[in-house]
Amino acid sequence: MSDQDAIGSRPAADLALRRGREALAVAAAIERAVDAGRPADTALAGLFRARPGYGARDRRGYAGAVFALLRWRGWCGRVDRDGPRALARAHWLDATE
């Protein structure tokens, strides 16, 4: 089943899919940078500078997802290995009431 079949063609659903894919790409890039010894905040700031099209909400969302993933890394797994499940687990563990 394709993404299109699963959620339909609504513009909001398409935007959510794009943002989800982008969040995975950002998280994977930061994981690689951290593995190479770079501080996560420095790597994320550099990535945001390289992609000026990200708005404030995008940056806040991606940063939150990345830092939740790094915070819960031992329990959530890695994006390069576990894909979206790793981000979903991190979000769930980081959620507050």
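Every chain is numbered on its own, with residues counted from 1 as its sequence reads. The model is predicted, so local features are restricted to residues of pLDDT at least 70 and side-chain atom pairs to those at 80 or more, both for listing and for counting; the totals for chains, interfaces and linings are taken over all residues. Side-chain metrics in this entry use all non-hydrogen atoms of the structure; hydrogen atoms and water are not considered.

Visitor: Before we go on, may I ask you to explain the packing of helix H2 (residues 11-35) against helix H3 (residues 40-50) in this structure?
Guide: Each packed pair of helices is defined by two parameters, the angle between the axes and the distance between the axes. Helix axes are fitted to C-alpha atoms over the stretch in contact, other axes to C-alpha atoms as well, and angles between N-to-C directions run from 0 to 180 degrees. Numbered from the N terminus, helices here are DSSP runs of H or I no shorter than four residues, and strands are runs of E no shorter than two. At a minimum axis distance of 9 Å, the contact between H2 and H3 shows a crossing angle of 135 degrees. Classified by the angle their axes make, H2 and H3 are oblique. In this structure, the crossing between H2 and H3 has a hand that is right-handed. Every residue of H3 that contacts H2 at Val26, Ala29, Ile30, Ala33 and Val34 is listed here: Ala40, Ala43, Leu44 and Leu47. Side-chain classes are defined by residue name, with Ala, Val, Leu, Ile, Met, Phe, Trp, Tyr, Cys and Pro counting as nonpolar, Asp, Glu, Lys and Arg as charged, and the others, Gly among them, as polar. Split by residue class, the contact of H2 with H3 holds 9 nonpolar, no polar and no charged. Working definition: roughly parallel below 35 degrees, roughly antiparallel above 145 degrees, roughly perpendicular at 65 to 115 degrees, and oblique for all remaining angles. Definitions for this section: a left-handed crossing has its near helix turned counterclockwise from the far helix by less than a right angle. A right-handed crossing has that turn clockwise. Throughout, a residue-residue contact means that at least one pair of heavy atoms, one from each residue, lies within 4.5 Å.

Visitor: Looking at this structure, I do not really get the packing of H3 against helix H4 (residues 56-71). What am I missing?
Guide: Viewed as axis vectors pointing N to C, H3 and H4 meet at an angle of 155 degrees, and their least axial separation amounts to 11 Å. Taken together, the axis directions place H3 and H4 in an arrangement best described as roughly antiparallel. Every pair of crossing elements has a handedness; the one defined by H3 and H4 is right-handed. Where H3 abuts H4, its residues Ala40, Asp41, Leu44 and Phe48 lie against Arg59, Tyr62, Ala63, Val66, Phe67 and Leu70. In terms of residue class, the contact of H3 with H4 is built from 8 nonpolar, no polar and 2 charged.

Visitor: Help me understand the nonpolar core, please; the structure alone is not making it clear to me.
Guide: The nonpolar side chains of a soluble globular protein tend to be buried with one another. Take the buried Ala, Val, Leu, Ile, Met, Phe, Trp, Tyr and Cys residues and link them wherever side-chain atoms come within 4.5 Å; each set so joined is a nonpolar core. Under the scheme applied here, a residue whose accessible area is under 20% of the maximum for its type counts as buried, over 50% as exposed, and between as partly exposed, the area being computed with a 1.4 Å probe on protein chains only. Val26, Ile30, Leu44, Leu47, Phe48, Leu69 and Val79 are the most contacted members of the largest nonpolar core, which has 23 residues in total. Among the secondary structure elements, those contributing two or more residues to this core are H2, H3, H4 and helix H7 (84-94).

Visitor: How should H2 be read in this particular structure?
Guide: Since the α-helix packs 3.6 residues into each turn, any two residues three or four apart lie on the same face. To estimate how far a helix should extend, the number of its residues minus one is multiplied by 1.5 Å. Taking 1.5 Å of rise per residue, 25 residues should cover 36 Å, and H2 covers 36 Å from first to last C-alpha, within 8% of that figure. Three or more residues of H2 are buried, namely Ala13, Ala23, Val26, Ala27, Ala28, Ala29, Ile30, Glu31 and Ala33. Immediately beyond the C-terminal end of H2, within one or two residues, lies glycine 37, with a positive phi of roughly 100 degrees.

Visitor: How should the side chain of arginine 78 be read in this particular structure?
Guide: The residue arginine 78 is located in the loop between helix H5 (73-76) and helix H6 (79-82) in this model. By the criterion applied in these results, polar contacts are pairs of N or O atoms within 3.5 Å in which, for protein atoms, one can donate a hydrogen and the other can accept it, and in which residues neighboring in sequence qualify only through two side-chain atoms. Within polar-contact distance, the side chain of arginine 78 engages the side chain of aspartate 80 at 3.0 Å. In this structure, arginine 78 is in contact with Glu31, Asp35, Arg73, Gly83 and Ala86, ignoring residues within four places of it in sequence.

Keep in mind these values describe shape, not function.
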